[in-house]
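Understanding the architecture of this molecule
Residues per chain, in single letters:
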Amino acid sequence: MKNTLMRWKLPLICFIWQLAMIILFGVFIRYDEESDAHWIVTKISHNISSDIENDFYFRYPIFQDVHVMIFVGFGFLMTFLKRYGFGSVGFNFLIASFSLQWALLMQGWFHSLDFSDGKIKIGVESLINADFCAASVLISFGGVLGKVSPVQLLIMSLFEVTLYAVNEFILLNVLGAKDAGGSMVIHVFGAYFGLTITRILYRPNLDQKKNESVYHSDLFSMVGTLYLWMFWPSFNSAISNHGDAQHRGAINTYCSLAASVLTTIAISSVFEKKGKINMVHVQNATLAGGVALGTAAEMMLTPYGSLIVGTISGTVSTLGFIFLSPFLEKYLKIQDTCGIHNLHALPGVIGAIVGAVTAAAATEGVYSKEGLVVAFGFKDGFADRTPSVQGGYQAAALCVTLLLSVGGGTIVGFILKLPFWGDPSDENCFEDEVYWEVPGEEEAALYSIHSVNNPSTKSATNGEVQP
Amino acid sequence: MKNTLMRWKLPLICFIWQLAMIILFGVFIRYDEESDAHWIVTKISHNISSDIENDFYFRYPIFQDVHVMIFVGFGFLMTFLKRYGFGSVGFNFLIASFSLQWALLMQGWFHSLDFSDGKIKIGVESLINADFCAASVLISFGGVLGKVSPVQLLIMSLFEVTLYAVNEFILLNVLGAKDAGGSMVIHVFGAYFGLTITRILYRPNLDQKKNESVYHSDLFSMVGTLYLWMFWPSFNSAISNHGDAQHRGAINTYCSLAASVLTTIAISSVFEKKGKINMVHVQNATLAGGVALGTAAEMMLTPYGSLIVGTISGTVSTLGFIFLSPFLEKYLKIQDTCGIHNLHALPGVIGAIVGAVTAAAATEGVYSKEGLVVAFGFKDGFADRTPSVQGGYQAAALCVTLLLSVGGGTIVGFILKLPFWGDPSDENCFEDEVYWEVPGEEEAALYSIHSVNNPSTKSATNGEVQP
Amino acid sequence: MKNTLMRWKLPLICFIWQLAMIILFGVFIRYDEESDAHWIVTKISHNISSDIENDFYFRYPIFQDVHVMIFVGFGFLMTFLKRYGFGSVGFNFLIASFSLQWALLMQGWFHSLDFSDGKIKIGVESLINADFCAASVLISFGGVLGKVSPVQLLIMSLFEVTLYAVNEFILLNVLGAKDAGGSMVIHVFGAYFGLTITRILYRPNLDQKKNESVYHSDLFSMVGTLYLWMFWPSFNSAISNHGDAQHRGAINTYCSLAASVLTTIAISSVFEKKGKINMVHVQNATLAGGVALGTAAEMMLTPYGSLIVGTISGTVSTLGFIFLSPFLEKYLKIQDTCGIHNLHALPGVIGAIVGAVTAAAATEGVYSKEGLVVAFGFKDGFADRTPSVQGGYQAAALCVTLLLSVGGGTIVGFILKLPFWGDPSDENCFEDEVYWEVPGEEEAALYSIHSVNNPSTKSATNGEVQP
């Protein structure tokens, strides 16, 4: 039996890291000019006519959609396990709350450090970016779900956020790639990082009996699925340019996701026994259309292009669950609890390719001369780029992401393999009781249904289930 | 035993229809000028000063509220059945995802076809309208819930969306009726279409034992109820004119819904045994105030007018559940699983009447001269209308809707009655296992509660429930 | 056995009060100029260039977030009890729906009565304020949860809303205190009002066995927790000034809440047995950071200041659950079902103090000269205030709130103690069956899992659990 006692380990890491956040925030983080009380002065000096021009009103409703995806979406999606609901929602809550603080710092240093005073200036877009970074960590969490301790998760988060910011900086600032919804930055990165870790933490004697759902846990999971599905148009348009880009990003993602639902259910019915639909596919592969538009959603992909991407990615993702996951587990020893390879890795790679092709195919006829410059940021250092060159850089960005995620995951995997992080023994994986106080009397609850009306059933039921 | 095998039937219909959507989208659907990359050019040519004037910022947050109502609201509202949670949420997901694609086309052909290039131009308002059309299909779904196959549901959706667009065109474009929240277009149409179908599909030997809830399924259902209730102010103001009309639509609906809650609980306590409150009423009739404001919400109904409508419709709807539903089932052979007659048909008719009266009573004093023209669209072909004439057209719109919904439902009902669509036998109605892979080990889950702390209970419990 | 029959009592109170609302709304409540059809005229006369300047577009998305907190957030947070889910969600629904109507009137009379015509003019900000007032009632509900009848709850709501409006008027209009997110007005007031009532209604023989959770009820409760947590940035910025104040309020609350999560889990693991995390703490104390920023969120607290407040309040709240609640119950006879003292009272007091200190420390350097005037409303009657004087008034506001809440709670407590309101007997507390029709066949549902695949188990299971 392993020592899974979290007292002192978990509290210490939480307190010390939170203290570090306070100090680093104190040294580095300030309000940007749209959230600072000087805004009233800024408005005059910048000749801004109305408070509605504050970025808050362009992005805050969309930020809240993304926020729901991070905490309810990811959190409840993972509650499908019959005895890991507390861990799914609770650890999701914990590591996302840490990751977004650390991301505000890491992304700030790389992207929005004001060199005049050495401060990071944050606003609503910073919050969205921090949530995006947390999403990447939560994707990796899906791969190791049920097999690690909260301490391991926090350590993973620390490293993953750091590397995420590095990768994001290389992609967006150095390569000038576009990836507004994060097919590469978020999904490919988070998935391969997590898959590499779960490979290194391979457990040959894992008890797969607890790695299953019950009826109501599947319904809780659908709460997560639906919130991810409904708000993905917000996710893919959250940090796009104001105006048509955000508008288009939402429309494209809406179309793509709808197509994924039909193909997911179709493939599920074809390959599952007796032609029945498998809830695991509905919970996951219906979302593939959103992942696969992470790069191209803001581009002029056209609505039918979005349908095609949704159709293909929903199909590929479902086939992945049916054929690829068992293969990965058996031959590559990758125990991928939530199937992140099918939901995030495969559609993410599709999304990166779609983005590269769409960028390369852009023309002034489709975008207008000014629109092309704005859409792809062909100015400043990238002023002499053509769409086809941009396509090449998009492809390069995918390669960099694959490299960094697998490389980083390898290092972090071996760190997490150290024996003192309190991970559960094989037979206690997928089991809340290891780290949570779990109410132990569901039978008593069942019994009490009859207690008022039929007191006579009391002793019988009680006698049976609690002998 | 009927043949309920979905393999090939369901996958083929999903794939072929999705393929058809791609082709039709490719031929017809393009971005409108606010979501096209040419927006930067449009802004200059139309002298638009800011990106915030893009319709996206007026309607997108409200669109997302509506989107939640469609997928979580309707989906979870129907999970009250103890063994039909997968079907409720899952088929809701499937048919809504198909319906909104088909609605973008059908509504586009009727409402926003650009005759200069033969293309349908879509933007955020198109997405809202497509979701509205899907709502109508989901209302009908509530009537046949648990008694049909997914193939039947898809066929129903195909026809219902088509007829919805025809009815909508007649009401809004030909008759010039106002119906921003769809009391007639969505609720009356969807309800009587579905009720007619369920009448034609009458099952004399239906097993009503499975048509019941359990404790936690009632709580899941309340998730759906509350999201519908909270976001109904968005639903009723989603496609109203910018400014005061949207603002007023939200306020009126907010007031009306609050009143419905009090009267629903009052009536429930009066008529149910021992004065106890019935959860079915709370799950449904509390929403009647929203349905009943579907036409008049954007009008100058006044807040107290809204309270009156909410009071009456909550009362009528609850009484419908108590007295009318058993009557309809016994004498008219209408087996209305979710009680859509009480939640959508009755309050929808009330809403149509309230709308007609409110329109007829409009004056320039209340609306201002310009306000009256804007509010009721008294321009172009309708420039010479007076409020009282408008009231007459509103009433005519209700009649047309009733006619088309019952007529269309009759035809579609007989199509769905054909014997090869894979519907379940009477004893398998309201049962997920027919079409879904269902995890079969809830007892095992119960057992595992004790596995760590009380290993001694293992064999006993195991022996009992899995003999 | 007490008489808990609700027939006539509950329906009569619902109907009479709803009727009173209609009459009072009819006499007093009208649309404000942004929701009235004359808006088209107002725009011209006020030289407003665009409909987007309508307050609806500044506040409606945030209003919807608050609305979700009231109905899903508070409602589901309280479903943690194993047999009180209907009462938690359902009574929450009932009393919030009444409270917001009554609050529109009470707050209208005190704050937005138009003396030119004697009417209250309402718009989207009025709806937010009404929801805020309902929140205060729901906090008190958390203290008495499971121990009172719906009639008692409605009576409590009537008095509490009234006193809330009085207290709010004294704080905001007389003392000129700032409290945009309601640390004092909502949280301290609601908590001490409810705690005083629960003290007066003390039940020495309360059966604490039903005051417990089961596995899935804890997950339902997490739905409530997460919606409160995610949308708290909206809550604290909902009625702040347009522009930087709303923007800053959201950022500060976001940071504070993230910090609370880490410290809550840390403290829980330190003090709970075997170092395991307690779900009760995660469900509640993670929200303390939001409560504690209710006053200062819109101020220039800085992000690291927010982290400090979140860290401290999360810690204090969790310690309150562990050490203070048992003490209060044992020695002060305060039976606080949901622990509102730990979640609302303590963090609310912290928030009031943080607000007073932050206000007192404000400088023109930090806010700019104009910013300071706008942020603290140093104009009209308060034009000669300095920040340090403002700090004093903030402290006075806390004292007034404490006084009024305990005083009002005492009176209302004795009113609720009258013997004819239909409260449950001690052994029926925390039990839905007293006031709700509860489906009685969960075992039957379990059985039916096997009915299709393994018909052989039918008789055995059936025989066992329904002898």
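So, a few notes on the structure that sits alongside this text. (Residues numbered from 1 in each chain as written. Chains lettered and ligands numbered in written order. Predicted model: local features only at pLDDT ≥ 70, side-chain atom pairs only at ≥ 80, totals over all residues. Heavy atoms only, no water.)

With respect to the sheet that holds strand β2 (residues 113–114) of chain A
Defined as follows: By this definition, two strands are paired if DSSP reports at least two bridges between them. Helix and strand assignments come from DSSP, with helices taken as H or I runs of at least 4 residues and strands as E runs of at least 2, each series counted from the N terminus.
Strands sit in the order β1-β3-β2 (chain A) across an open sheet of 3 strands; the sheet is mixed. Across the chains shown, the open sheet's two edge strands, defined by having one partner strand only, are β1 (29–31) and β2 of chain A.

A word on the pairing of strand β3 (residues 119–122) of chain A
Stated formally: Think of it in three bands: with a 1.4 Å probe and only protein chains considered, a residue is buried below 20% of the maximum accessible area for its type, exposed above 50%, and partly exposed in between.
With burial as the criterion, only one face of β3 of chain A is covered, namely that bearing I120 and I122 of chain A; the residues K119 and K121 of chain A on the opposite face remain uncovered. Where β2 of chain A folds back on β3 of chain A, the antiparallel hairpin that results is connected by 4 residues, among which G118 of chain A adopts a positive phi of roughly 70°.

So, the interface of chain A and chain B
Applied cut-off: Only heavy atoms matter for contacts: two residues are in contact if any of them lie within 4.5 Å across the pair. A simple way to read buried area is as the amount of 1.4 Å-probe accessible surface that goes missing from two parts once joined, with both sides added.
Tallying the contact residues gives 88 residues for chain A and 86 residues for chain B. Interface area, chain A with chain B, both sides summed: about 7600 Å², of which 70% is carbon and sulfur. A per-residue breakdown of the area chain A buries against chain B is headed by Y215, Y254 and L262 of chain A, which together make up 12% of the total. Ranked by the residues each element gives to the side of chain A that touches chain B, the list is headed by helix α9 (residues 244–271) of chain A, at 20 residues.

Focus on the packing of helix α8 (residues 215–237) of chain A against α9 of chain A
In a packed pair of helices, the relevant descriptors are the angle between the two axes and the axis-to-axis distance. Residue and element names in this part refer to chain A. Selection rule: The axes used here are C-alpha line fits, helices contributing only the stretch in contact, and every angle between their N-to-C directions lies in the interval 0 to 180 degrees. Left-handed is the label given to a crossing in which the near helix is rotated counterclockwise from the far helix by less than a right angle, and right-handed is the label when the rotation is clockwise. Charged means Asp, Glu, Lys or Arg here, nonpolar means Ala, Val, Leu, Ile, Met, Phe, Trp, Tyr, Cys or Pro, and polar covers whatever is left, Gly included.
Between α8 and α9, the least distance of the axes is 8 Å, while the angle of their chain directions is 145°. Between α8 and α9 lies a crossing whose hand is right-handed. Between α8 and α9, the residues in contact are W229, W232, P233, N236 and S237 and Q246, G249, A250, T253, Y254, L257, A258 and V261, respectively. Among the residues making up the contact of α8 with α9, the classes are represented as 8 nonpolar, 5 polar and no charged.

What to know about the pattern of salt bridges
The test is simple: Each reported salt bridge corresponds to a side-chain nitrogen of Lys or Arg within 4 Å of a carboxyl oxygen of Asp or Glu.
For the structure on display, the rule yields 30 salt bridges over all chains. Across the pair D423 of chain B and R203 of chain B runs a salt bridge whose closest N-O atoms are separated by 3.3 Å. Here the residue D423 of chain B occupies a position in the loop between α16 (387–416) and β5 (436–437), and R203 of chain B occupies one in the loop between α7 (183–200) and α8 (215–237), the gap between them amounting to 220 residues. A cluster of three or more residues bridged by salt bridges with shared partners is formed by D55, R59 and E125 of chain A.

Looking at the packing of helix α3 (residues 55–77) of chain B against helix α3 (residues 55–77) of chain C
For clarity, the threshold we go by: Oblique is the label for any angle not under 35 degrees, not over 145, and not in the 65 to 115 range, which are roughly parallel, roughly antiparallel and roughly perpendicular in turn.
Packing of α3 of chain B against α3 of chain C brings their axes to within 10 Å, and their N-to-C directions diverge by 15°. Comparing the axis directions of α3 of chain B and α3 of chain C gives the class roughly parallel. With respect to the hand of their crossing, α3 of chain B and α3 of chain C are arranged in left-handed fashion. Facing α3 of chain B, whose interface residues are F58, P61, I62 and D65 of chain B, α3 of chain C presents F56, Y57, Y60, P61 and Q64 of chain C.

Thoughts on the packing of aromatic side chains
Here is the rule we go by: Note on aromatic pairs: the rings of Phe, Tyr and Trp (six-membered ring only in Trp) are paired at centre separations within 6.5 Å, and the planes decide the class, stacked below 30 degrees, edge-to-face beyond 60, tilted for the rest. Placement of a positive charge over a ring is assigned whenever Lys NZ or Arg CZ falls within 6 Å of the ring centre and within 35 degrees of the normal to the ring plane.
Applying the stated criterion across every chain yields a total of 87 aromatic pairs over all chains. Measuring from centroid to centroid gives 5.6 Å for F63 of chain A and Y254 of chain C, while their planes differ by 65°, and the two rings are edge-to-face. Taken together, the residues F63 of chain A in helix α3 (residues 55–77) and Y254 of chain C in helix α9 (residues 244–271) connect one chain to another. Ring centres of F376 of chain B and F378 of chain B lie 5.6 Å apart, and the angle between their planes is 20°; on these two criteria the pair is classed as stacked. For the pair F376 of chain B and F378 of chain B, one class covers both residues: buried. In textbook terms, an aromatic cluster arises when at least three aromatic residues are bridged by ring pairs, as seen for F56, Y57, Y60 and F63 of chain A together with F58 and Y254 of chain C. Between the NZ or CZ atom of R83 of chain A and the centre of the ring of Y215 of chain C, over which it lies, the distance is 4.0 Å. If you follow R385 of chain A out to its NZ or CZ, it ends over the ring of Y393 of chain A, 3.6 Å from the centre.

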